[in-house]
Amino acid sequence: MANQNHNQNQRKPKEDFDLKETTPNINAGRVISGDRLPITFDLVEQMKFLFARVVRAKDLPETGKSDTCNPFVEVKLGSFVGTTRVFEKISNPEWNQVFAFSKERIQEQVLEIVVKEKDPVADHPDVIGRVAFTISDIPMRVPPDSPLAPQWYKLEGQNMVKLDQGELMVSVWMGTQADESFPDAWHSDATTTSVENITYTRSKVYISPRLWYLRVNVIQAQDLLLKGNNEIFIQGVLGNLSLRSRPMKINPNPVWNEDLMFVAAEPFDESLLLSVEQGQGNSSKHENLGSCVIHLKDVERRIDATPTASVWYNLQKPKELEGKEEVKFSTRLHLRISLDGGYHVLDEATHYSSDLRPSSKYLNKPSIGVLELGILNAVGLSPMKKDRTDAYCVAKYGSKWVRTRTIVDSLSPRWNEQYTWEVYDPCTVITIVVFDNGHLHGGGKNNVGGKNGDGGVDKRIGKVRIRLSTLESDRIYTHSYPLINLHTQGAKKMGEIQLAVRFSCPSLLNVLQTYAQPLLPKMHYICPLSMFQIDSLRNQAAAITILRFRRAEPPLSKEVVEFMLDMRANVWSMRRGRAQFYRITSLLRGFVSIVKLIEEIHSWKNSVTTIGGYSIFCFFNYKPGAILPLTFTFLLLNGIWQYRISGGNLQKRYDRLRGISGRVLVVMGDLATQGERVQSLISWRDPRAKALFLIFCLIAAILTYFIPFRYILFISVTYVLRPPRLRFDMPAFPQNFLRRMPAKSDGML
């Protein structure tokens, strides 16, 4: 029996985590079945829908026992029934709601729109009248055609007899997902969704707030009325966040000269509360020595490193001193406050950031291209609650977040939605995540428990990241990406998602110029932030985004935003530790091979290899000036050879376990990333950067052949040891170029 189980385990197939190229039936510059989608929707498959817009009704008769009319409308197509909201005590209601029925599921020949009255006494609503449309007679409408004008229709009673009273204004047409009514329409596959949660099924676009760093430089305090012998510190409160300065020993005129960094969002409606506190250590009990309120609208904004003017702020009396005229209170606080727009507020890790522009729009440069994403479909999704999955996608690039509609109860959902972003830097990453909607069956705002045990939580299914610099311009990439999630037993494939991606740039020169520019704005190098400040500010930025998206309709939940921004990326994880270790060992594999080769030459394991190695050594010893030209020539030829064999290089996925310190992981990850960036110089993962590097190798091979090696060494050492006065704060061109190289960190989970 044991041997049988062992053989079964051996025969168990491994999960396929590879990237697969696909050939979807998309309308990218070609005509399909006689119908052509607009250019903005050429990366997705065409899906036809029957749309019905119920606008308003007038002169509705009273049919119930009550003296009032409580009308609503049912749109019926076979077994699919869509319902409008109910109006109470009104005979001229206005709904203006759109219903969409997928043409693939249409099996009936008649669309029926029924006006009913909700009777509070009877169990079943009374029928006021109906309007019917034959499916074959419904016109086709494809944007950019203007919307179909609604018309008044007389209501019909039983036996298709026109009523003397009551009319309904509707419009019915055949369209595609390119129709502007599509995002807000009620879809036929959401019939089981409760009416109050129907908004959770709709596709939406979200814009994250424009964030700034608020720098509060606390210089000193003056004339403090001390209470006891406890330490003194400054406390700043902005929104729900509270920061403290370092504690100072008891002194009526303490000096800090310390920065408190906050993240603030436009339009700066909040106020900053600063107070001088006296307490003991980290105890929550402390005495207020005075406070002041600063409105952010009044704070000076700066876009460079020029310091703002310092100001003395008069503090207000503590509550216990109010009303006591005999107490002289003249405490002041010396501050320098500014909103720094020269930084980019980091809400993502820099190695897979989607936006690197500074906060101030006056520093923004024009876009260099356009990114188009077609979210086609998913296959083989795992059931997320009992035997069903209600899947939707969220994609983020820059400040624009998009959310597809939710496909209810399907393990192979078809979205076929297309979105567009402006691109300002090619060395950025777009993130796409598939979630299971937990707000459709009683898990909405007003329900805590929910059904099916979902509890109103959107569960993650899998994540995909795509680096734009690895995409050729104007080429359409159609691939099926594995959706991988982490479980206690390790990594599990949750299905696959099919995407179509196109990166278009009108000017190749503008794209190549970005490789010579620093990765981050200038302020990050002139006034750098510490790692502790970056982590704290990143958490603040995520918290502001979560609060802002909670107020949208439908809201993006906290777990969605945190997973999109990888807010738990720095926690302890054995899985990440193993992945970083394997990345480092793969980089050291070449060095180990060289050591083994030297050992073989030393031990005369192969006489030909030993004699050949010794001959090369003698040649370079006799003519050392040939070292650099031959090195660059080798890199040039190797790059050409790699171009010939590239195309099958896919990112590897790593093992999934937990443990190891977050700080150690950051150091290991940075070490591996730097090595992989150097390694990418001889691969063709970023074709534009590789072309620039080959041109450099060609020029360097020629120059180093004619310039003696000792001159090159002398110039290099002299440049490195130049006086600090002759150095620049900004990183040099080679550093900028190397920092923009892709690494395997994009594939880390």
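See above for the structure.
All values derive from a computational prediction rather than experimental measurement. (Residues numbered from 1 in each chain as written. Predicted model: local features only at pLDDT ≥ 70, side-chain atom pairs only at ≥ 80, totals over all residues. Heavy atoms only, no water.)

### Notes on the overall build of the protein chain
Okay, so step 1: On a plain count of helices and strands, the protein chain comes out with twelve helices and 28 strands.
Okay, so step 2: Expressed as a percentage of the 749 residues in the protein chain, the buried residues total 47%.
Okay, so step 3: A separation of at least 24 residues holds for 73% of the contacts in the protein chain among residues at least 6 apart in sequence.
Okay, so step 4: Summed over its atoms, the accessible surface of the protein chain is roughly 38,900 Å², and 55% of this surface lies on carbon and sulfur atoms. (Helix = DSSP H or I, 4+ residues; strand = E, 2+ residues; numbered from the N terminus. Buried < 20%, exposed > 50% of the residue type's maximum accessible area, 1.4 Å probe, protein only. Contact = heavy atoms within 4.5 Å. Areas by Shrake-Rupley, 256 points an atom, 1.4 Å probe, with all protein chains shown as cover.)

### Some remarks on the environment of Asn217
Okay, so step 1: Among the secondary structure elements, Asn217 is positioned in strand β12 (residues 211–222).
Okay, so step 2: Asn217 sits 41 residues away from Glu258 along the chain, and the two C-alpha atoms are 5.5 Å apart.
Okay, so step 3: Setting aside anything within four residues of it in sequence, one finds Asn217 in contact with Asn257, Glu258, Asp259, His334, Leu335 and Arg336.
Okay, so step 4: Among the polar contacts listed, one links the side chain of Asn217 to the side chain of Asp259, at a separation of 2.9 Å. (Polar contact = N/O pair within 3.5 Å; in protein donor to acceptor, adjacent residues only side chain to side chain.)

### A short note on helix α5 (residues 558–565)
Okay, so step 1: Within the span of α5, buried status applies to Val560, Val561, Phe563, Met564 and Leu565.
Okay, so step 2: As for α5, its buried residues are in contact with β22 (391–397), β23 (400–403), β25 (429–436), β26 (459–467) and α4 (531–550).
Okay, so step 3: In the segment just after α5, Asp566 is the residue with positive phi, at about 55°.

### Quick look at the pattern of salt bridges
Okay, so step 1: Inspection of every chain in the model, using the stated rule, returns 30 salt bridges.
Okay, so step 2: Put simply, Arg141 and Glu180 hold a salt bridge, and the shortest N to O gap is 3.0 Å. One end of the pair, Arg141, is in the loop between β7 (126–134) and β8 (151–156); the other, Glu180, is in the loop between β9 (162–176) and β10 (186–187), and 39 residues separate them in sequence.
Okay, so step 3: Here the salt bridges share partners, and the residues they tie into one network are Arg215, Asp259, Arg302 and Asp340. (Salt bridge = Lys/Arg side-chain N within 4 Å of Asp/Glu carboxyl O.)

### Brief notes about the environment of Thr331
Okay, so step 1: Looking at where Thr331 falls in the secondary structure, it is placed in the loop between β19 (311–314) and β20 (332–340).
Okay, so step 2: The sequence separation of Thr331 and Ala221 amounts to 110 residues, and the corresponding C-alpha distance is 7.3 Å.
Okay, so step 3: Excluding residues within four positions of it along the chain, Thr331 makes contact with Gln222, Asp223, Leu224, Leu225, Leu289, Tyr313, Asn314 and Leu315.
Okay, so step 4: Within the structure, Thr331 has its side chain in polar contact with the backbone oxygen of Asp223 (distance 2.7 Å).

### Considerations on empty space enclosed by the protein
Okay, so step 1: Tallying each qualifying case throughout the model produces two cavities of 30 Å³ or more.
Okay, so step 2: Each pocket or cavity is described by its volume, and for the second largest cavity that value is around 40 Å³.
Okay, so step 3: Contributing to the lining of the second largest cavity are ten residues, with Ser680, Asp686, Ala689, Lys690 and Met741 lying nearest its centre.
Okay, so step 4: When residues in the lining of the second largest cavity are grouped by element, the largest group, three residues, is from helix α10 (residues 687–706). (1 Å grid on protein atoms, 1.4 Å probe; cavity = no way out; pocket = protein on both sides within 12 Å on 5 of 7 lines; lining within 4 Å. Points joined across faces, edges and corners; volume = space filled by probe spheres on them.)

### A look at the pairing of β20
Okay, so step 1: Along β20, seven of the nine residues are buried, which leaves the element largely enclosed by surrounding structure.
Okay, so step 2: Two strands pair when backbone bridges link them, and β12 and β20 are joined in this way by nine bridges, in the antiparallel orientation. Residue Gln222 lies in a different strand from β20, and its bridge partner there is Arg332.
Okay, so step 3: Taken together, the two bridges between strand β18 (residues 301–302) and β20 define a ladder with parallel strand orientation. Along β20, the bridge assignment pairs Arg301 with Leu339.
Okay, so step 4: The sheet contact formed by β19 and β20 spans four bridges and is antiparallel. Within β20, the residue paired with Val311 across the bridge is Leu335. (Pairing = 2+ DSSP bridges.)

### Describing the environment of Thr199
Okay, so step 1: Mapped onto the secondary structure, Thr199 falls in the loop between β10 and β11 (204–207).
Okay, so step 2: Distance from Thr199 to Ala185, taken between C-alpha atoms, is 9.5 Å for residues 14 residues apart in sequence.
Okay, so step 3: The contacts of Thr199, once residues within four sequence positions are left out, are Glu553 and Pro554.

### Some thoughts on a nonpolar patch on the surface
Okay, so step 1: On the surface, a cluster of nonpolar side chains totalling about 950 Å² of accessible area is made up of Ile695, Leu698, Ile699, Ile702, Leu703, Tyr705, Phe706, Ile707 and Tyr711.
Okay, so step 2: A total of seven residues in the nonpolar patch trace back to one element, the largest contributor, which is α10.
Okay, so step 3: Turning to its location among the elements, Tyr711 is positioned in helix α11 (residues 709–720). (Patch = residues over 30% accessible without salt bridge, like charges linked within 9 Å, V, L, I, M, F, W, Y side chains within 5 Å.)

### Some remarks on the packing of aromatic side chains
Okay, so step 1: Enumeration according to the criterion identifies 13 aromatic pairs in this entry.
Okay, so step 2: Ring geometry for Trp212 against Phe268: centres 5.9 Å apart, planes inclined by 80°, an arrangement best described as edge-to-face. Of this pair, Trp212 sits in strand β12 while Phe268 sits in the loop between β15 (255–265) and β16 (271–279); the two residues are 56 residues apart in sequence, bridging distant segments of the chain. The residues Trp212 and Phe268 share a single accessibility class, namely buried.
Okay, so step 3: Consider the rings of Phe435 and Phe563, whose centres lie 6.2 Å apart with planes at 80°: the pair is edge-to-face. Pair noted here: Phe435 is in strand β25 and Phe563 is in helix α5, with a separation of 128 residues, a long-range link.
Okay, so step 4: Aromatic ring contacts, followed pair by pair, group Phe49, Phe51, Trp173 and Phe182 into a single cluster.
Okay, so step 5: In this structure, Arg403 packs its charged tip against the face of Tyr392, placed 4.2 Å from the ring centre.
Okay, so step 6: Lys463 extends its terminal NZ or CZ atom over the ring of Phe563, reaching a point 4.1 Å from the ring centre. (Phe/Tyr/Trp six-rings, centres within 6.5 Å; stacked < 30°, edge-to-face > 60°. Lys NZ or Arg CZ within 6 Å of the ring centre and 35° of its normal.)

### Structural notes on the sheet that holds β23
Okay, so step 1: If you walk across this open sheet you meet the five strands as β11-β23-β22-β25-β26, and the pairing is antiparallel. The open sheet terminates on both sides in strands that have one partner only, identified here as β11 and β26. Neighbour-to-neighbour, the strand axes of this sheet turn through a mean angle of 15°, independent of strand direction.
Okay, so step 2: The pairing of β22 with β23 spans four bridges and is antiparallel. (Axes fitted to C-alpha atoms, helices over the stretch in contact; angles between N-to-C directions.)

### Some points on the sheet that holds strand β13 (residues 231–238)
Okay, so step 1: Taken in spatial order, the four strands make up an open sheet running β14-β13-β16-β17, and their pairing is antiparallel. Sheet topology places β14 (241–244) and β17 (286–295) at the edges, where each strand pairs with a single neighbour. Each neighbouring strand pair of the sheet contributes to a mean axis angle of 20°, computed without reference to strand direction.
Okay, so step 2: In this sheet, β17 lies alongside β16 in antiparallel orientation, the contact comprising nine bridges.

### Quick word on the pairing of β9
Okay, so step 1: Burial analysis of β9 places eleven of its 15 residues in the buried class, which makes it a mostly covered element.
Okay, so step 2: Relative to β9, strand β2 (residues 48–58) runs antiparallel, the two being bridged by ten bridges. Within β9, the position partnered with Ala52 by the bridge is Val172.
Okay, so step 3: Note that β8 and β9 share five bridges and pair antiparallel.

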